[in-house]
Amino acid sequence: MKLIHTADWHLGQSFHGQERHAEHRAFLAWLLDTLVERRADALLVAGDIFDVVNPSLRAQELLFHFIVSAHERLPHLEIVLIAGNHDSGNRIELPAPLMRRLRTHALGRVSWLDDGNLDAERLLVPLTNTSGETRAWCLALPFLRPAEVTGAGRRLDQDEDDDAPNDYVAGITRVHRQLIDAAGKRREPGQALVAMSHAHLHGAAVSEASERPIVIGGEESISAALFPADIAYVALGHLHRAQQVGEARIRYSGSPLPLDFSEVGYPHQVVEVRLDGEALGETQAIPVPRPVAMHRVGPAPLERVLAELAALEDDPALSDARGRERSKEHWPWLEVRVELESPIPDLRARVETALEGKALRLLRLERRLPRVEGGDQKTRVDLETLGPRRLFERTWEQRWGESPAENVLADFDRLRQDVLDADDASTQGDPI
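In this text the structure is predicted, and so the values were computed from the model without any measurement. (Residues numbered from 1 in each chain as written. Predicted model: local features only at pLDDT ≥ 70, side-chain atom pairs only at ≥ 80, totals over all residues. Heavy atoms only, no water.)

**Some details on the side chain of Gln13**
This is how the line gets drawn: Elements are defined by DSSP. Helices are runs of H or I of four residues or more, strands are runs of E of two residues or more, and each kind is numbered from the N terminus. Exposure categories follow from relative accessible area, calculated using a 1.4 Å probe and restricted to protein chains: below 20% of the type maximum is buried, above 50% is exposed, and the middle band is partly exposed. A 3.5 Å cut-off defines polar contacts: any pair of N or O atoms within that distance qualifies, except that in protein one atom must be a possible hydrogen donor and the other a possible acceptor, and neighbouring residues in sequence count only when both atoms are side-chain atoms. Only heavy atoms enter the contact rule, under which two residues are in contact if any of them lie within 4.5 Å.
Looking at where Gln13 falls in the secondary structure, it is placed in the loop between strand S1 (2-6) and strand S2 (14-15). Overall, the relative accessible area of 9% leaves Gln13 in the buried class. Here the side chain of Gln13 touches Leu259 through a polar contact of 3.0 Å, landing on its backbone oxygen. In this structure Gln13 touches Gln18, Glu19, Arg20, His24, Asp51 and Leu259, once residues within four positions along its chain are discounted.

**Re the pairing of strand S17 (residues 361-368)**
Under the convention used in this document: We call two strands paired when DSSP finds no fewer than two bridges between them. Orient the strands so they point away from the viewer; a crossover is then right-handed if the path from the first strand over the helix to the second runs clockwise.
Bridge count between strand S16 (residues 333-339) and S17: 7 bridges; the pairing is parallel. Looking at S17, one finds that Val336 is bridged to Leu365. Taken together, S16, helix H9 (residues 347-354) and S17 form a β-α-β motif whose crossover is right-handed.

**A few points about the environment of Thr150**
Of note, Thr150 is situated in the loop between helix H5 (146-149) and helix H6 (167-186). Sequence separation of Thr150 and Gly171 is 21 residues, and the distance between their C-alpha atoms is 5.8 Å. Contact partners of Thr150, with chain neighbours within four places excluded, come to Asp167 and Tyr168.

**Focus on helix H11 (residues 388-400)**
Our working rule: Helices are assigned an expected span. That span is 1.5 Å times one less than the residue count. As used here, the arc is the angular range of directions from the helix axis to the C-beta atoms.
The end-to-end C-alpha separation of H11 is 18 Å, in line with the 18 Å expected for 13 residues at 1.5 Å each. Residues of H11 that are buried: Glu393, Trp396 and Trp400. Across the axial projection of H11, the buried residues extend over an arc of 65°, all falling on one side. Gly401 sits one or two positions beyond H11 and adopts a positive phi of about 75°.

**Re the sheet that holds strand S14 (residues 279-287)**
The line we're drawing: Structural elements are reduced to axes, namely lines fitted to C-alpha atoms, with helices fitted over the stretch in contact, and the angle between N-to-C directions of any two is expressed from 0 to 180 degrees.
Sheet architecture is open: 6 strands sit in the order S6-S5-S4-S1-S13-S14, paired in mixed fashion. Here the strands that pair on one side only, and so sit at the sheet edges, are strand S6 (104-107) and S14. For this sheet, the mean inter-axis angle between neighbouring strands, taken without regard to orientation, is 20°. Looking at chain direction, S1 and strand S4 (residues 42-46) are connected through 4 bridges and run parallel.

**Topic: the nonpolar core**
Keep this limit in mind: Note on terminology: a nonpolar core comprises buried Ala, Val, Leu, Ile, Met, Phe, Trp, Tyr and Cys residues joined through side-chain atoms within 4.5 Å.
Formed by 59 residues in total, the largest nonpolar core has its most connected members in Leu3, Leu127, Leu139, Leu201 and Leu275. A per-element tally of this core places H6 first, with 8 residues. Filtering out sequence-adjacent residues up to four positions away, Leu139 remains in contact with Leu123, Leu124, Leu179, Ile180, Ala183, Leu193, Val194, Ala195, Met196 and Ile231. In this structure, Val45, Phe66, Ala70 and Ile286 belong to the second largest nonpolar core, which totals 32 residues.

**Focus: the pattern of salt bridges**
Short version of the rule: We count a salt bridge whenever a side-chain nitrogen from Lys or Arg sits within 4 Å of a carboxyl oxygen from Asp or Glu.
The final tally for this structure, using the stated rule, is 22 salt bridges. Measuring nitrogen to oxygen at the nearest pair gives 2.7 Å for the salt bridge that ties Arg103 to Glu78. Note that Arg103 is positioned in the loop between helix H4 (96-100) and S6 and Glu78 in strand S5 (residues 78-82), a separation of 25 residues in sequence. Taking relative accessible area as the criterion, Glu78 reaches 6% and is therefore assigned buried. Between Arg350 and Glu303 there is a salt bridge, with its nearest N and O atoms 3.3 Å apart. Pair noted here: Arg350 is in helix H9 and Glu303 is in helix H7 (residues 302-311), with a separation of 47 residues, a long-range link. Taking the relative accessible area as the measure of exposure, Arg350 reaches 32% and is therefore partly exposed. Taking relative accessible area as the criterion, Glu303 reaches 54% and is therefore assigned exposed.

Everything listed here is a matter of geometry and, on its own, says nothing about what the molecule does.
In structure tokens form, the structure reads like this:
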């Protein structure tokens, strides 16, 4: 069998307030062509399909259009979706009866039998080849929230995990073990087991800024040793950096698009997995083309930043006057990080001037302030005695290491007076 493993689509993501529908649409079109070209038997999407639990109609439309198109072009293709921590499990499962008619299996939550044991059967998805024969079983385990796995009524073999760091990790571990045990009993000779989970494994590399912690402190991570050797492949979601964890058979596909500027350098990809009988044959990373470029300039002093901006290549096709508005959704994203030694009031204006005429979208301008010795020390002050103007002066001195100039203090005084005037007007009922 041939599988394609992907995860962390985050459809509907708002990127610093900007929509990314064009990028997601381009990725899904590329993925569909790849599935056809590679003659895939199954597509595994390991969670975080949407970016938020209540995705927009446009984001949902992207998913459903992709599923219908995939079924039209590859009628034999099996698609397995699991919910991630960004998803609503109930929303993922809501259209499940309709999606099953398109050979798509949507698992958003776990459920429990009357005896307190895991309902493992509903999480076991048979994967068939073009002849309709079951060649593998997918253990489709959606993201597990604490309330789902730590209930007192669950019969989860408490003695097995007395060494777990907390009840949540113990609950996750027991659910995985129960599902793996059920799959081992269900499989027949020659059938492979493929586990699919949205979780954080020990030792895996996290992104600089874009992943939402499942539990504060990262105490939710589980061990890769949880997946025994008879699991041919483990398709993971949650971490955006593509990587294997200990073994080639245990992999995060990573996100197909950078979800933050910190991910600009990641090798965004999907993974092709070939199964030979019960065993893993080989895996191959397939790079995902980036439909919209992403640039990160700095951190550096302003003059060097301006030089880097001037050197950025500009695509004439995107900045062409006739197609300027039409092509704006394909303009590269840009983050600029400037190291400051002293305040530059017109910083944004100077950066925007350097970008004039270029087909670039400035999304983020970060000012990196100098470290001032003793600036992090907390001092107890009497605000009433200190007064607003002196408080402003002290804050400026702590941040910049020098006293504010007279023109800065004059600006502060004018702003403060505007606020006082506005307060007086509202008190008297005058329009502002």
